[in-house]
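Chains, contacts and geometry: an overview
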Amino acid sequence: MIHKDVIIVGGGAAGFFAAINIAEQNPNLTIAILERGKEGLQKVKISGGGRCNVTHAEFIPQELVLNYPRGEKELLGPFHQFMTGDTIAWFENKGVPLKVEADGRMFPESDSSQTIIDCFLNEAKKHKIEVMYNHVVKAFEKEGVSWYIKTTEGEFTTGKLVVASGSNPKIWKLLENLGHNILNPVPSLFTFDIKDERIQDIPGVVAQHVTIKVLDTDLCSEGPLLITHVGMSAPSILKLSAFGAIELAERDYKFEIEINFINHSFQDCFNMLKEFKHNLAKKTVFKSTQFDLPKRLWQKLVLASEMNSNTRWADLNKQQLENLSSQLTQAVFKVDGKSTFKEEFVTAGGVDLKEINFKTFESKLHKNLYFAGEVINVDAITGGFNFQNAWTGAYIVSKSILE
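Rules used in this analysis
- Residues numbered from 1 in each chain as written.
- Predicted model: local features only at pLDDT ≥ 70, side-chain atom pairs only at ≥ 80, totals over all residues.
- Heavy atoms only, no water.
- Core = buried A, V, L, I, M, F, W, Y, C linked by side-chain atoms within 4.5 Å.
- Buried < 20%, exposed > 50% of the residue type's maximum accessible area, 1.4 Å probe, protein only.
- Salt bridge = Lys/Arg side-chain N within 4 Å of Asp/Glu carboxyl O.
- Helix = DSSP H or I, 4+ residues; strand = E, 2+ residues; numbered from the N terminus.
- Pairing = 2+ DSSP bridges.
- Expected span 1.5 Å × (residues − 1).
- Arc of directions from axis to C-beta.
- Phe/Tyr/Trp six-rings, centres within 6.5 Å; stacked < 30°, edge-to-face > 60°.
- Axes fitted to C-alpha atoms, helices over the stretch in contact; angles between N-to-C directions.
- Contact = heavy atoms within 4.5 Å.
- Left-handed = near helix turned anticlockwise from the far one by under 90°.
- Nonpolar A, V, L, I, M, F, W, Y, C, P; charged D, E, K, R; others polar.

Here we look at the nonpolar core
Across soluble globular proteins, nonpolar side chains have a tendency to be buried as a group. Within the largest apolar cluster, 84 residues are counted, with the highest numbers of intra-cluster contacts made by Ile8, Phe91, Phe120, Phe140, Leu175 and Ile376. Of all hydrophobic cores here, the second largest spans 47 residues; its members include Phe190, Ala207, Ile227 and Leu328.

Below, the structure written as structure tokens:
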């Protein structure tokens, strides 16, 4: 039986960040990380296409929380304790400067997630944190004031147990056995599968600013839209997938969306098209792209409006103008399934937020049981926000343990 002052279950972003901060603030504690894989930090490795999207350049807590479909209310207090600026300072202090991209995402200046991994591994070594790989946790239970943990490789006791195991169904089951309510996990970041003549054969086309609604719901989002080989992706879709995670799962990922490609109303668009009919009379509609739309998308929408590639503006009748206006401002597409967004798999679900004290990230049911990262029912849209939740929770856990 091995005893440690603090044991952390999970060698991912939250687990390492908690361990390092606990060790920094109290060098006398013995700390171990139990990681089920043969190496840890796998999500860090693949995040942001291998560059690691560490956080997002949003410095107002009230604005930052709006990026969390689950956790918005609960994270406001924690973000006042440890925020984006603190994350940037923490990494710079360790010799890992970050940079901001045009869309607000922040990456290490090296553009390599290995920089973050090396930083964590070096800090763990420096602070004599024992990282134990291939340790699959089979059980943990309370024994008096201590915790007993059994893994495939050995048995441990600890005074403080931190669970930072991410979306791990087996750990959720163990927490359920302790009386915690686990909200059923469903995918949160995914792209939409759509088979439709209007987007066939034009993968890679991006409409820069669209508005999308999921019909028969309140779900709506704005932003860039990317047409893919199997359907649609990019921020506008991913935001819908995050905020609609539970509702869209209940519909088995079969629903309809309405897209406004040009952010004008149907009537305004119709009036503008009438002007084009007058001003561009001799030109073909097919070849004279309007509204800053990508040419290939414009041409698909023109063909879907009962015209051919030779139809001239002058020859358009009222019905064709209405059809084109409708395709541009209220095009309906059938979604039939989803695809995982790259390897950045995020789930909605986990430990019920009502059972966590967000001043300390300690369980309200069991003393000296703490949570950090995605094990709890918090998830965010893409852009570095899920990592910020991990850093904030892990930092607050480290402070709570010392108190």
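What to know about the pattern of salt bridges
According to the stated counting rule, one finds 21 salt bridges in the structure shown. As a salt-bridge pair, Lys94 and Glu24 come within 2.8 Å of each other at their nearest N and O atoms. Here Glu24 lies in helix H1 (residues 13–25) and Lys94 lies in the loop between helix H5 (84–93) and strand E4 (98–100), a separation of 70 residues in the sequence. Classification of Lys94 by relative accessible area gives buried; the value is 17%. Glu247 serves as the salt-bridge partner of Arg251, at 4.0 Å between the closest nitrogen and oxygen. Among the residues examined, Glu247 registers a relative accessible area of 30% and is labelled partly exposed. Here the salt bridges share partners, and the residues they tie into one network are Arg51, Lys99, Glu101, Asp103, Arg105 and Asp111.

Some points on the sheet that holds E4
Strand order in this open sheet of three strands is E3-E5-E4, and the pairing throughout is antiparallel. Two strands lie at the open edges of the sheet, namely strand E3 (55–56) and E4, each paired on one side alone. Across two bridges, E3 lies against strand E5 (residues 105–108) in antiparallel orientation. If you follow Thr55 over to E5, its bridge partner there is Met106.

Quick look at helix H6 (residues 113–126)
Residue pairs spaced three or four apart in an α-helix point in one direction, given the helix's 3.6 residues per turn. Over its 14 residues, H6 runs 20 Å from end to end, which matches the ideal 20 Å to within 8%, given 1.5 Å per residue. Within H6, burial applies to Ser113, Ile116, Ile117, Cys119, Phe120, Glu123 and Ala124. Projected down its long axis, H6 carries its buried residues within an arc of 160°, all on one side. Turned more than 90 degrees from where H6 packs its buried face, Asn122, Lys125 and Lys126 sit exposed.

Here's the deal with the packing of aromatic side chains
Centre-to-centre distance and the angle between the planes together describe a pair of aromatic rings. Tallied over the full model, the rule gives 24 aromatic pairs. Geometrically, the ring pair formed by Phe16 and Phe120 is stacked, given 6.2 Å between the ring centres and 10° between the ring planes. With Phe16 in helix H1 and Phe120 in helix H6, this pair connects stretches of sequence that are 104 residues apart. Accessibility assignment for this pair places Phe16 and Phe120 in one class, buried. Ring centres 5.4 Å apart and planes at 10° place the aromatic pair Phe387 and Trp391 in the stacked group.

Thoughts on the sheet that holds strand E11 (residues 190–193)
Taken in spatial order, the seven strands of this open sheet run E16-E15-E12-E13-E14-E11-E17, and their pairing is antiparallel. With partners counted over all chains shown, the strands left at the sheet margins are strand E16 (331–336) and strand E17 (338–340), one partner each. Strand after strand, the sheet turns through a mean of 40° between neighbouring axes, direction not considered. In the sheet, strand E12 (residues 206–214) pairs with strand E15 (residues 254–260) via four bridges, with the strands oriented antiparallel. Bridged to Thr211 within E15 is Asn260. Against the sheet, helix H8 (residues 235–243) makes contact with E11, E12, strand E13 (220–227) and strand E14 (231–233), and its axis sits at roughly 130° relative to E13, the strand it touches most.

Some thoughts on the packing of H1 against H6
Close contact between H1 and H6 brings their axes to 10 Å; oriented N to C, the two are set at 35°. Considering how the two elements wind past one another, H1 and H6 form a crossing that is left-handed. Taken together, the residues of H6 that come into contact with H1 (itself represented by Ala13, Phe16, Phe17, Ile20 and Glu24) are Phe120, Leu121, Glu123 and Ala124. The residue inventory of the contact of H1 with H6, partitioned by class, reads seven nonpolar, no polar and two charged.

Some points on unusual backbone geometry
What is expected of a backbone is that most residues other than glycine have negative phi and most peptide bonds are trans. At Leu41, a position not held by glycine, the phi torsion is positive, near 55°. In this structure, Leu41 sits in the loop between strand E2 (31–34) and helix H2 (42–50). Residue class for Leu41 comes out buried when judged on its relative accessible area of 2%. Not every positive phi belongs to a glycine, and Glu306 is a case in point at roughly 60°. Along the polypeptide, Glu306 turns up in the loop between helix H11 (295–303) and helix H12 (318–329).

That is the geometry; function is a separate question.
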